[in-house]
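A structural walkthrough
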Amino acid sequence: MELGREVSFPAGARIFEEGGRADHFWVIRDGGVNLDVHVPGRRSAVVETLGAGRLLGWSWLCPPHQWHLGAEATSPVHAWEFDAGEVLALCERDPELDHALLTYVVEVIGRRLRAARTRLLDLYGPYGSGSPG
Amino acid sequence: MTAVPLPYRVVSNRPETTDTRTLTLRPVGEALPAFAPGQFAMLYAFGVGEIPVSVAGLQDGTLTHTIRGVGAVSRALCAVRPGTQVGVRGPLGTGWDLPAATGRDLLVVAGGIGLAPLRPLVQAALSTPRDHGRLNILIGARTPEDLLYRSEPDGWGRPYCEVTVDRAGPEWTGRVGVVTTLLDQAAFTPHETTAFVCGPEVMIRATGRELLHRGVPAQHIRVSLERNMHCATGHCGHCQLGPLLLCRDGPVVGYDRAEPLLAVREL
Ligand SMILES: Cc1cc2nc3c(=O)[nH]c(=O)nc-3n(C[C@H](O)[C@H](O)[C@H](O)COP(=O)(O)OP(=O)(O)OC[C@H]3O[C@@H](n4cnc5c(N)ncnc54)[C@H](O)[C@@H]3O)c2cc1C
Ligand code: FES
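Owing to the predicted nature of the structure, the values given are computational and were not obtained by experimental measurement.

1. Quick word on the overall build of chain A
Counting its regular elements, chain A contains two helices and eight strands. Ordering the α and β elements of chain A from the N terminus gives β-β-β-β-β-β-β-β-α-α. Counting across all 133 residues of chain A, residues that qualify as buried make up 35%. Put simply, 73% of the contacts in chain A that link residues at least 6 apart link residues at least 24 apart.

Have a look at this one:
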């Protein structure tokens, strides 16, 4: 944790934008963050809310190192902020840390993928009920 | 349980969402035996047909049902006017069995209309806080407009209740995401927890797996499985899921029995 520094964001702050350079990540200590996707000509659509203990951001780990989504604080957020470059450099020197971090991040990505898949199904109604009529 | 439906009068018919309504029924003459949370009734819309519907409330000698209009019978029931009569058979099926969870933390996980059968369980748990440990109510809905009992979850109170939606509109300031993401915020000791899960089958599977992963024992994960029902008396086989006849052995079963059946394709 020596690499992490404490940061806070006021409610409503844009923490990062879709397409921006992904060079940091955060572990949320408290507060809520909405992940959103840009919809041209409309308000961004929120796809997931993250809370305490969750990892915010994984796009820094793999090319093209650009944010897949945008992130906005929904309430005052306290988080540990990490510089992706520093962490990756440390990982290169410390294979054990590298392995632990990768395992953790891959699990998070897996979880978000499963959640995304579940949400693509018509979750809360009988088959076919999602369409009117 | 009565073989013939008893007449009940519709006392009120309240809209919940665009396609879902809550009916309150009172017996015209003889009343059915008491229902337990999680059990269901066969509701008969005269001249149209009969469908299984869970009890969504059990107060003051009335029966409350929340019904989503998806086909002929459920739409007919959604359209009944106060004062008219419907036929009711029951109580049917297994219940949530809250007493078996005495002393344990309670985790209620609902997806969409799955909140309806869980509502009387929540009400029972709220009225007997000393009989169990911590209570968590996690509710997922497709959109904010699809949330049932919108005035009520507040009444169930924080810190108990968390709500998340799949798709948020501009007005929504709450959480977005699948209901399992709410587990991170819930306060419970997994091996001392009994979970009650109701919603669409994909949601039951996702929640069951996540709870097992977190250490809630399979037999303490109670899920409600629904199949089309016909006789509701264990004779016709319409409601079969593997070795279970869900009108008799369900709808509430332990995840230890449900999981292998839910994993099979095309039962
Ligand atoms: C034990 C049990 C408890 C239930 N509790 C409730 C409840 O509290 N509130 C509520 O609104 N509904 C509940 N249902 C579902 C309800 O019984 C069905 O929606 C109803 O049978 C549909 O009948 P219908 O004649 O209106 O529609 P149909 O014309 O038979 O069907 C219309 C559409 O609904 C689908 N459908 C029919 N039955 C089911 C079912 N059981 N599950 C999923 N999709 C179905 C059909 O595939 C079709 O797409 C419960 C079902 C069971 C088995
Ligand atoms: S509905 Fe006939 S056996 Fe269950």
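Structure's up, so let's keep going.
2. Here's the deal with the overall build of chain B
Within chain B, the secondary structure is distributed over six helices and 15 strands. Against the compact-globule benchmark of 18 Å for 267 residues, chain B has a radius of gyration of 18 Å, which places it among compact chains. A total of 267 residues make up chain B; the buried ones form 55% of that total. Accessible surface, chain B: about 11,400 Å² in total, of which carbon and sulfur atoms supply 51%. Considering chain B, the positive charge centre built from 25 side chains and the negative charge centre built from 24 side chains are found 3 Å apart.

3. Topic: the domain arrangement of chain B
Residues and elements named next belong to chain B. Domain annotation of chain B identifies domain 1 (6-92) and domain 2 (98-263). Put simply, the middle of domain 1 and the middle of domain 2, counted by C-alpha atoms, are 21 Å apart. Facing the 23 residues of domain 1 at the interface are 24 residues of domain 2. Around 1,600 Å² of area is buried between domain 1 and domain 2 when both sides are counted, 56% of it from carbon and sulfur atoms. The largest share of the area that domain 1 buries against domain 2 comes from E16, F40 and A56, three residues that together contribute 24% of it. Joining domain 1 to domain 2, the criterion identifies zero salt bridges. At the boundary of domain 1 and domain 2, one finds five residue pairs in polar contact (both at pLDDT 80 or more). For the side of domain 1 that touches domain 2, the elements supplying multiple residues, two or more each, are β2 (20-27), β3 (40-45), β4 (49-54), β5 (63-68) and β6 (85-92). The element that contributes the greatest number of residues to the side of domain 1 that touches domain 2 is β5, accounting for four residues.

4. What about the environment of D30 of chain A?
Residues and elements named next belong to chain A. With respect to the helices and strands, D30 occurs in strand β3 (residues 24-30). The spacing of D30 and E6 is 24 residues in sequence and 12 Å in space, taken between C-alpha atoms. Beyond its immediate chain neighbours, meaning those up to four positions away, D30 contacts A52, P76, V77 and H78. A polar contact is formed between the side chain of D30 and the side chain of H78, at a distance of 2.9 Å.

5. Here we look at the UniProt feature "binding site: [2Fe-2S] cluster" (unreviewed entry) in chain B
Residues and elements named next belong to chain B. The positions that UniProt labels "binding site: [2Fe-2S] cluster" (unreviewed entry) are, in the present scheme, C231, C236, C239 and C247. In terms of the greatest pairwise C-alpha distance, the residues named above, spread along 17 residues, form a tight cluster of at most 10.2 Å across. Here C231 is to be found in the loop between β12 (221-224) and β13 (240-241). Classification of C231 by relative accessible area gives buried; the value is 16%. Sequence-distant contacts of C231, that is, excluding residues within four places in its chain, are made with R89 and C236. Tracing the sequence through the fold places C239 in the loop between β12 and β13.

6. Considerations on helix α2 (residues 95-120) of chain A
Residue and element names in this part refer to chain A. Between the first and last C-alpha of α2 there are 37 Å, a value that for 26 residues agrees with the 38 Å anticipated at 1.5 Å per step. Along α2, the residues that are buried comprise L101, V105, V108, R112, A115 and T118. Of the surrounding secondary structure, the elements contacted by the buried residues of α2 are β4 (33-37), β5 (45-50), β6 (55-56) and α1 (84-93).

7. Describing the side chain of E162 of chain B
Residues and elements named next belong to chain B. Following the sequence through the fold, E162 ends up in strand β9 (residues 161-165). According to the relative accessible area criterion, E162 is buried, its value standing at 15%. Ignoring sequence-local partners within four residues, the contact set of E162 consists of I137, L138, I139, R175 and L182.

8. Looking at the pattern of salt bridges
Residue and element names in this part refer to chain A. A full pass over the atoms with the stated rule returns 19 salt bridges over all chains. The salt bridge partner of E17 is R14, with a shortest N-O separation of 2.8 Å. Note that E72 is salt-bridged to R14, the shortest N-O span being 2.7 Å. Here R14 lies in strand β2 (residues 14-16) and E72 lies in strand β7 (residues 70-73), a separation of 58 residues in the sequence.

9. Details of the packing of helix α4 (residues 201-214) of chain B against helix α6 (residues 255-262) of chain B
All names here are of chain B. Contact geometry of α4 with α6 gives a least axis separation of 11 Å together with a crossing angle of 125°. Taken together, the axes of α4 and α6 lie oblique to each other. The two elements α4 and α6 cross, and the hand of that crossing is left-handed. Every residue of α6 that contacts α4 at E201, I204, R205, G208, R209 and L212 is listed here: Y255, E259 and L262. Residue composition of the contact of α4 with α6, by class: four nonpolar, one polar and four charged.

What counts, and at which threshold
Residues numbered from 1 in each chain as written. Chains lettered and ligands numbered in written order. Predicted model: local features only at pLDDT ≥ 70, side-chain atom pairs only at ≥ 80, totals over all residues. Heavy atoms only, no water. Helix = DSSP H or I, 4+ residues; strand = E, 2+ residues; numbered from the N terminus. Buried < 20%, exposed > 50% of the residue type's maximum accessible area, 1.4 Å probe, protein only. Contact = heavy atoms within 4.5 Å. Rg over C-alpha atoms; globule rule 2.2 N^0.38 Å. Areas by Shrake-Rupley, 256 points an atom, 1.4 Å probe, with all protein chains shown as cover. Lys, Arg positive; Asp, Glu negative; His and termini not counted. Charge placed at Lys NZ, Arg CZ, Asp CG, Glu CD. Domains from an automatic or database assignment. Buried area = accessible area lost by both parts, 1.4 Å probe. Salt bridge = Lys/Arg side-chain N within 4 Å of Asp/Glu carboxyl O. Polar contact = N/O pair within 3.5 Å; in protein donor to acceptor, adjacent residues only side chain to side chain. UniProt positions renumbered as here; feature names shortened; annotations may be inferred. Expected span 1.5 Å × (residues − 1). Axes fitted to C-alpha atoms, helices over the stretch in contact; angles between N-to-C directions. Parallel < 35°, antiparallel > 145°, perpendicular 65-115°, else oblique. Left-handed = near helix turned anticlockwise from the far one by under 90°. Nonpolar A, V, L, I, M, F, W, Y, C, P; charged D, E, K, R; others polar.

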